[in-house]
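What follows is each chain in one-letter form.
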Amino acid sequence: MSKPKIATVWLEACAGCHMSFLDIDERIVDLLDKVELTATPITDFKEIPEVDIGVIDGGIGNEEEKHIAQELRKKAKIIIAWGDCAVFGGINTMRNFMSTKDVLEGGYIHTASTVNPDGVIPHGEVPALLPQALPADNVVKVDVYVPGCPPDADTILYVFQELLEGRMPKVPSDMMRYD
Amino acid sequence: MKEITLNFDGKACKGNLGDTILEVAQKNDVYIPTLCYLKGLSPIGACRMCVVEVEKNPKLLTSCTTPAADGMEVHTKTEKLQNYRKQILELLFAGRNHFCMYCSQSGDCELQRLAIEHGMDSVRYPFLYAPFENDATHPDLMMDHNRCVLCLRCIRVCAEKVGAHTLDLQKRGWSATVCADMGMKLGDSSTCVSCGACAQVCPTGTITIRELAYRGRRKDCDDVVESVCPLCSVGCKIKAYVRTGSVARVEGTGTESPDGGQLCHMGRWWLPESTERERVAVPMIREGAHFREASWDEAMALIASRIKPAAEKGRAGALVSSLCTDEELALFSAFYRDTLKVDIDTFDGDILRGFVKGFEPFKAQGVRPFTGAHNILDSDLVINLCADPQDEAPVVASYIRVAVLRNNARMIFIGDMADPFDGLTDVGIRLADCKDPTFLKELAACLMALAESRVDLDGMTALDSYAGSLAQLAGIGGISLEQAEEIVKLVAGAKKPVLVLGKSRAKNPAIVSAAGNLAIAARSFFGDGLGIVPLVSSGNSLGAVNTCVSNEPWLRTKDLDFLYVYSTGMIPEDEDSLAAISRSGFSVIQTPYLVRPLVNLADVLLPAPAWFERSGHFCTIEGERRRLNVIVPPKADLKGLSTVLEGIAKDLGLTVGRPGSAPCEQFFVSSVSPELAKMAAL
């Protein structure tokens with residue numbers, strides 16, 4: 001039997017959750033004996049193949065991220081939401097207290113460090129912002145939630161191991177964190 | 001009290017009739033999660049985390065507000081309850097900004113702890129993203145309404161324990177926010193006393209103490225040590241959190257204690273800040289305009305050589321802070337007064353002498369002439385005699401506010417300054433001079449005459465004397481007869497009046513004795529003594545009374561060749577003491593901190609352990625001997641008072657004798673019930 005395939009995507013988030021994943025250190029060698037990492041920000045494959053486990057790291061803030069999340073959902077049997085951004089929306093939701101117009105003008109025109117005399121706001125060539133930054137499960141169905149900013153490496157590994165054992169994991173209280 | 005038995009998840013638990021379900025559960029170590037509940041504050045059942053199922057009752061009941069009944073079958077952890085509680089938490093998280101990764105309280109937060117405990121790995125509800133303000137107007141506190149769960153603990157502690165009623169709720173439903181003074185910003189509030197009790201009880205990151213952003217959270221701290229605050233006469237019990245060898249934060253004990261676990265602005269901020277102050281690290285000896293570092297041996301030898309001739313000529317003195325522990329004060333008096341026969345006194349000696357001499361006629365009868373400060377809460381009439389409690393002992397001011405505002409006590413103010421409780425006082429008398437006891441004497445006489453007229457069957461003679469007395473009272477106080485009668489009626493009608501006596505005017509013992517007589521005339525008797533709360537100046541002033549306060553003042557009048565000063569560096573020295581120190585021919589100053597101008601006056605400067613590095617006992621006006629504990633062990637080359645005094649004694653060929661003075665409990669002794677106290681002759 002071929003090894004279960006894993007794909008991970010890095011949406012609206014810092015790289016913290018993937019860094020935390022790499023923090024499993026040498027245990028990644030054992031893990032790679034049991035699974036195949038396909039498209040991830042680490043391997044940098046551009047196309048997401050059909051996989052057993054799809055991991056979403058980050059919230060959904062623009063049309064592209066929404067599209068990727070939906071693509072992954074179609075190709076993955078189980079979706080894991082990694083980190084507070086994917087689970088709760090996280091730090092991205094700070095913009096939800098403003099309109100997208102204010103967010104863009106704030107970022108591209110009014111910021112003190114910005115030089116943009118013509119007041120140009122990019123559009124067309126970059127994905128359009130959604131009205132609000134959302135947790136992943138507002139866009140696609142999520143099967144396993146792993147909160148934490150970032151989740152501990154041990155927690156990330158625990159979730160994979162449980163899935164490999166054929167159990168649908170739930171992060172226990174003593175491993176759960178929101179910060 | 002009738003005992004009742006309830007079954008919690010099948011376990012039989014005993015409680016008392018009148019307990020709530022939660023109280024019985026907690027007495028029996030049955031865990032029920034709570035959020036808005038805080039022991040000591042009135043339960044309001046707002047958060048509904050503590051819901052339980054009670055058999056034969058179709059509804060879920062909040063255990064914090066539901067009275068327990070005998071035979072109740074309570075279920076605390078059914079699946080239904082777990083789901084409800086998780087749902088409540090998810091709704092709270094969805095309602096406002098509870099993103100832990102950018103909250104300073106993450107790790108200390110009770111909301112976060114509950115959510116993790118309930119396995120909340122996602123929120124099923126859409127987040128509201130309603131914008132709330134962040135009120136950063138207060139210099140020491142921050143209030144971020146985005147983090148608020150509306151548990152109302154802050155509002156309750158502010159009203160029920162501090163009595164300030166600064167905080168309240170404005171608007172309704174999800175728009176409701178905590179506000180200060182009818183919708184003001186916290187920094188603009190005129191009623192806030194900056195005690196920080198609200199931040200101490202806040203379960204989330206809503207009300208926070210600015211400094212703690214860098215001092216660290218509770219979870220970052222390595223140790224918690226109980227001790228006592230030395231800064232005023234109340235001597236509040238404190239919990240000091242230690243982080244990497246320094247005191248990171250200071251909190252009051254639980255809200256269930258009489259003081260409600262509150263501290264004042266001094267304890268909350270000055271205590272931890274004092275650990276960052278500049279210290280005296282090594283002994284130093286003056287050379288001209290400068291100091292040079294010296295060894296302890298050299299410094300002690302120099303002190304010994306100077307003290308001997310001065311003591312022989314009777315031109316030596318020793319001055320000690322009454323923030324010292326009882327043990328330190330006893331040693332100080334044993335060495336200087338009993339061994340070297342040198343005059344000793346405390347910085348606040350003048351105030352304490354007033355209290356000692358004024359109380360003496362009552363002490364001589366075996367009556368304890370004062371009562372524990374928290375008894376103000378049981379009183380129905382507070383008589384404020386020349387006291388400004390918010391300044392002198394802020395927690396006493398809280399007791400007074402709570403007594404008046406919550407317990408419906410009345411209040412009389414008699415003083416020569418502006419009424420510190422203007423607006424709460426029923427009758428205020430502005431005297432020309434607080435040091436003059438005639439008004440108090442006459443008020444006592446009026447009360448006695450009134451009491452006599454009630455037993456005097458004939459009535460007329462006593463009534464005449466009452467009328468005469470009343471007229472005199474009005475004359476002395478410069479008030480109308482009606483006002484005079486109102487005061488007398490208030491006092492005579494009170495079941496348990498209490499007198500709060502300010503320190504500033506206590507220098508005159510006649511005032512203190514007159515207050516004692518007034519307490520007797522007003523039948524102000526408490527279980528532990530006469531109903532007077534004397535606002536002496538510092539943590540162990542009552543202990544100092546027994547050990548180090550001299551009978552007569554000498555500091556200002558005596559020419560001194562040698563003066564030993566032991567200061568704790570926590571309260572600025574008064575000008576009279578500083579003048580005396582600068583007049584002295586040779587001054588040894590032992591102090592933990594580089595306190596100016598005090599250290600500039602030293603010929604020999606010795607380091608001392610600070611309040612958090614010493615241990616011993618304080619005798620407080622709460623009527624308790626409380627223990628000061630070492631919170632952080634002393635660093636560097638510090639020596640305690642006993643080592644230094646023994647070193648000096650050795651150089652002199654002497655030994656520090658056993659302390660001749662009694663421990664400060666002696667001051668709390670009462671052999672005669674206060675009801676039997678007789679008035680002092682004035």
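The rules behind each value
Residues numbered from 1 in each chain as written. Chains lettered and ligands numbered in written order. Predicted model: local features only at pLDDT ≥ 70, side-chain atom pairs only at ≥ 80, totals over all residues. Heavy atoms only, no water. Helix = DSSP H or I, 4+ residues; strand = E, 2+ residues; numbered from the N terminus. Buried < 20%, exposed > 50% of the residue type's maximum accessible area, 1.4 Å probe, protein only. Pairing = 2+ DSSP bridges. Phe/Tyr/Trp six-rings, centres within 6.5 Å; stacked < 30°, edge-to-face > 60°. Lys NZ or Arg CZ within 6 Å of the ring centre and 35° of its normal.

Visitor: For this particular structure, what's the right way to read unusual backbone geometry?
Guide: The phi angle of most residues is negative, glycine excepted, and most peptide bonds adopt the trans form. For the bond from A:Cys149 to A:Pro150, the omega torsion is -5°, close enough to zero to count as cis. Along the chain, A:Pro150 turns up in the loop between strand 7 (144-146) and helix 6 (153-164). A positive phi angle is found at A:Asp44, which is not glycine, with a value near 65°. Its place among the elements puts A:Asp44 in the loop between strand 2 (36-37) and strand 3 (51-57). For A:Asp44, a relative accessible area of 46% corresponds to the partly exposed category. Despite not being glycine, B:Met182 has its phi angle at roughly 55°, a positive value. In this fold, B:Met182 is placed in the loop between strand 9 (177-180) and helix 5 (197-201).

Visitor: What is the right way to read the pairing of strand 7 (residues 141-144) of chain B from this model?
Guide: One face of the sheet, then the other: side chains in a regular strand alternate in exactly this way. All names here are of chain B. By the bridge criterion, two bridges tie strand 6 (residues 134-135) to strand 7 in an arrangement that is antiparallel. Across the sheet, residue Asp135 finds its bridge partner in strand 7, namely Met143. Between the end of strand 6 and the start of strand 7, which pair antiparallel, lie five residues. As defined by bridge partners, strand 7 adjoins strand 10 (residues 207-209) across three bridges and the pair is classed as antiparallel. Within strand 10, the position partnered with Met143 by the bridge is Ile207.

Visitor: Sorry, what's going on with the packing of aromatic side chains here?
Guide: How two aromatic rings sit relative to each other is given by the distance of their centres and the angle of their planes. Going through the model one piece at a time under the given rule, you end up with 17 aromatic pairs over all chains. A network of ring pairs unites the aromatic residues A:Phe97, B:Phe99, B:Tyr102, B:Phe127 and B:Tyr129 as a single cluster. Sitting over the ring of B:Tyr593, B:Arg277 keeps its end group 4.0 Å from the ring centre. The positively charged end of B:Lys558 is found above the aromatic ring belonging to B:Trp554, 5.9 Å away from the centroid.

Without other data, these values stay purely geometric and don't point to any function.
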